[in-house]
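One-letter residues, chain by chain:
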Amino acid sequence: MKIGEVKSYKHIVIAYGDDNSLGVIRSLGELGICPIVILIDCPNKCLITKCKYCGQIITISDESELIGVLKSLIFEQKAFVYNGSDLFETILDNHYDELIEYFYFFNAGGNGKVSFYMDKKNICSIAEECGFNVPKNERVNVGELPKTLRYPVFTKTIAPYLQGWKRDVGIYYNEQELLEAYKWYVSEQMLLQEYINKTYDYTIQGISINGGEDVFVPYINRYLRFTSTTFGGYLRYEPLKDTELINKIKLLMKRIGYSGVFGIDFIDDAEGNRWFLEVNFRFDAANYAIHYAGVNLPTLWAISTLSGKIDLKDVKNIDHNFYVMNEMVDIKFARKVGIFKWLKQFFSADCYYLWNKKDIKPVFAYWYNKIKRKLIK
């Protein structure tokens, strides 16, 4: 299977105004595919509308219009659908039976099957069965205290597509602190986890086809800056050579029956133990960095889906480390790191989430709009 054959298909990217979507569109565009973009109307939509690789852009007011618009784009040949959002994935997943005849999209072979494993309790349970170290955890309703965990505890919204999934996060050292936090949480249900004092955050991105029968995970990306509750924006990518870890990932994808692009989040503790956190059944924000390294994830998924196997003939040698910066996030660390050190790291980075000399308009549009909103406030 060659890229020229994949170009004969229609390609659709479902997008917010985010770096996840921008990376996918750029990866497709640099290989000559200008996708149809279904764009949710949002303040940062300039990231997408200014990207030179977009084909037709269809703007919708919110996610409720998505399925209707997709059904209006049914072609004689099945089209590929790409997304970098947990909410988009659960919408597609819950309409699997309606869409699978007309579109290739990330799925686990039936309605609601991916959504089941987007539940953090469910994915932690199956990950533990596959041999991963998983922090002790409990599913609770907001307002309930843990029954088996000791403090401190880490809180997460039970599923990443629910309201509050980025907001209702924290570390609490006693029940009084947790009860106080519940007063401003918007989630209805939480996963409480034992708190692991991390020394590294990292993510492994890959693709899985044929329901997990064929899996490819080329790189591990380590976050070199982070806080206790969030990722930072400066990363080092290293070839993934840990055979035991790779085999566990393959087993996990097979047990889920997943076909699509994914990212798995881990942390290391002070003793060097690796802890599984969650799986993102979508493109991660750093997806373009994999393309920089020689693995174009969107087209590799498309080619492999059509070939019925992971097709690596266009993948370059995966044998070097490199540095990536999410400048939109990492600029917040400049004062803490030291402005001269930060600038040195910025200019020496190999790849960026936003800056791209092949496609520069989104950079200027993003910072213009950000400064404008600050001035208005």
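First, a word on scope: everything that follows refers to the structure included in this document. The shown structure was predicted, so the numbers you read here are calculated from the model rather than taken from an experiment. (Residues numbered from 1 in each chain as written. Predicted model: local features only at pLDDT ≥ 70, side-chain atom pairs only at ≥ 80, totals over all residues. Heavy atoms only, no water.)

1. Topic: the pattern of salt bridges
Turning to step 1, where the next piece is worked out: Across all of its chains, the model carries 21 salt bridges by this definition.
Turning to step 2, where the next piece is worked out: In this structure, the salt-bridge partner of Lys358 is Glu30, at a minimum N-O distance of 3.3 Å. Note that Lys358 is positioned in the loop between β16 (351-352) and α16 (361-376) and Glu30 in the loop between α2 (19-29) and β2 (36-40), a separation of 328 residues in sequence.
Turning to step 3, where the next piece is worked out: Residue classification places Lys358 among the partly exposed residues on the basis of a relative accessible area of 45%.
Turning to step 4, where the next piece is worked out: Look at Glu30 and you get partly exposed, because its relative accessible area is 22%.
Turning to step 5, where the next piece is worked out: Lys71 is the partner of Glu98 in a salt bridge, and the nearest nitrogen-oxygen pair spans 2.5 Å. Taken together, the positions of Glu98 in helix α6 (residues 96-99) and Lys71 in helix α4 (residues 66-71) put the pair 27 residues apart, joining distant regions of the chain.
Turning to step 6, where the next piece is worked out: Judged by relative accessible area, Glu98 falls into the partly exposed class, the value being 36%. (Salt bridge = Lys/Arg side-chain N within 4 Å of Asp/Glu carboxyl O. Helix = DSSP H or I, 4+ residues; strand = E, 2+ residues; numbered from the N terminus. Buried < 20%, exposed > 50% of the residue type's maximum accessible area, 1.4 Å probe, protein only.)

2. With respect to the nonpolar core
Turning to step 1, where the next piece is worked out: Of all hydrophobic cores here, the largest spans 81 residues; its most connected members are Phe132, Leu252, Ile256 and Phe276.
Turning to step 2, where the next piece is worked out: Not counting chain neighbours up to four residues away, the residues in contact with Leu252 comprise Ile123, Ile126, Ala127, Cys130, Phe132, Ile264, Phe276 and Val279. (Core = buried A, V, L, I, M, F, W, Y, C linked by side-chain atoms within 4.5 Å. Contact = heavy atoms within 4.5 Å.)

3. Regarding the environment of Gln345
Turning to step 1, where the next piece is worked out: Relative to the helices and strands, Gln345 is located in helix α15 (residues 339-348).
Turning to step 2, where the next piece is worked out: Considering only alpha carbons, one finds Gln345 and Lys147, 198 residues apart in sequence, at a separation of 45 Å.
Turning to step 3, where the next piece is worked out: Apart from the residues lying within four places of it in its own chain, the contact partners of Gln345 are Arg225, Tyr234, Met325 and Val337.

4. Things to note about helix α9 (residues 175-182)
Turning to step 1, where the next piece is worked out: Looking only at α9, the buried set comprises Leu178, Ala181 and Tyr182. Angular distribution of buried residues about the axis of α9 spans 105 degrees; they occupy a single face of the element.
Turning to step 2, where the next piece is worked out: If you follow the buried residues of α9, they end up packed against β6 (137-141), β7 (153-157), β8 (170-172) and β9 (189-194).
Turning to step 3, where the next piece is worked out: The N-cap of α9, judged by a side-chain oxygen 3.1 Å from the amide nitrogen of Gln176 a few residues on, is Asn174. (Arc of directions from axis to C-beta. Polar contact = N/O pair within 3.5 Å; in protein donor to acceptor, adjacent residues only side chain to side chain.)

5. Quick word on the pairing of β2
Turning to step 1, where the next piece is worked out: Across the five residues that make up β2, a large majority, five, are buried.
Turning to step 2, where the next piece is worked out: Residues Ile36, Ile38 and Ile40 line one face of β2 and the alternating positions Val37 and Leu39 line the opposite face, and both faces are buried.
Turning to step 3, where the next piece is worked out: Of the strand pairs in this sheet, strand β1 (residues 11-15) and β2 are connected by four bridges, and their pairing is parallel. Looking at the pairing, Ala15 lines up with Leu39 of β2.
Turning to step 4, where the next piece is worked out: Handedness of the β-α-β unit built from β1, α2 and β2 comes out right-handed.
Turning to step 5, where the next piece is worked out: Taken together, the four bridges between β2 and strand β3 (residues 57-60) define a ladder with parallel strand orientation. (Pairing = 2+ DSSP bridges. Right-handed = clockwise from strand over helix to strand, strands pointing away.)

6. What to know about the state of the cysteines
Turning to step 1, where the next piece is worked out: Counted under the stated rule, the structure contains zero disulfides.
Turning to step 2, where the next piece is worked out: Just so you know, Cys46 is unpaired, no disulfide at all, and the nearest cysteine sulfur is the one on Cys42, 8.5 Å from it. (Disulfide = S-S within 2.5 Å.)

7. Structural notes on the packing of aromatic side chains
Turning to step 1, where the next piece is worked out: Under the defined criterion, the tally for this structure stands at 26 aromatic pairs.
Turning to step 2, where the next piece is worked out: Look at Tyr16 and Phe88: their rings are 4.6 Å apart centre to centre, the planes differ by 15 degrees, and that puts the pair in the stacked class. Of the two residues, Tyr16 sits in the loop between β1 and α2 while Phe88 sits in helix α5 (residues 86-94), which places them 72 residues apart along the sequence.
Turning to step 3, where the next piece is worked out: Take Phe88: its relative accessible area is 1%, and that puts it in the buried class.
Turning to step 4, where the next piece is worked out: When the centroid spacing of 5.4 Å and the interplanar angle of 40 degrees are considered together, the rings of Phe132 and Phe276 count as tilted. Here the residue Phe132 occupies a position in the loop between α8 (120-129) and β6, and Phe276 occupies one in strand β14 (residues 274-280), the gap between them amounting to 144 residues.
Turning to step 5, where the next piece is worked out: The class for Phe276 is buried, based on a relative accessible area of 1%.
Turning to step 6, where the next piece is worked out: By way of ring pairs, the aromatic residues Tyr9, Phe80, Tyr82, Tyr104, Phe106, Phe283 and Trp301 are connected into one cluster. (Phe/Tyr/Trp six-rings, centres within 6.5 Å; stacked < 30°, edge-to-face > 60°.)

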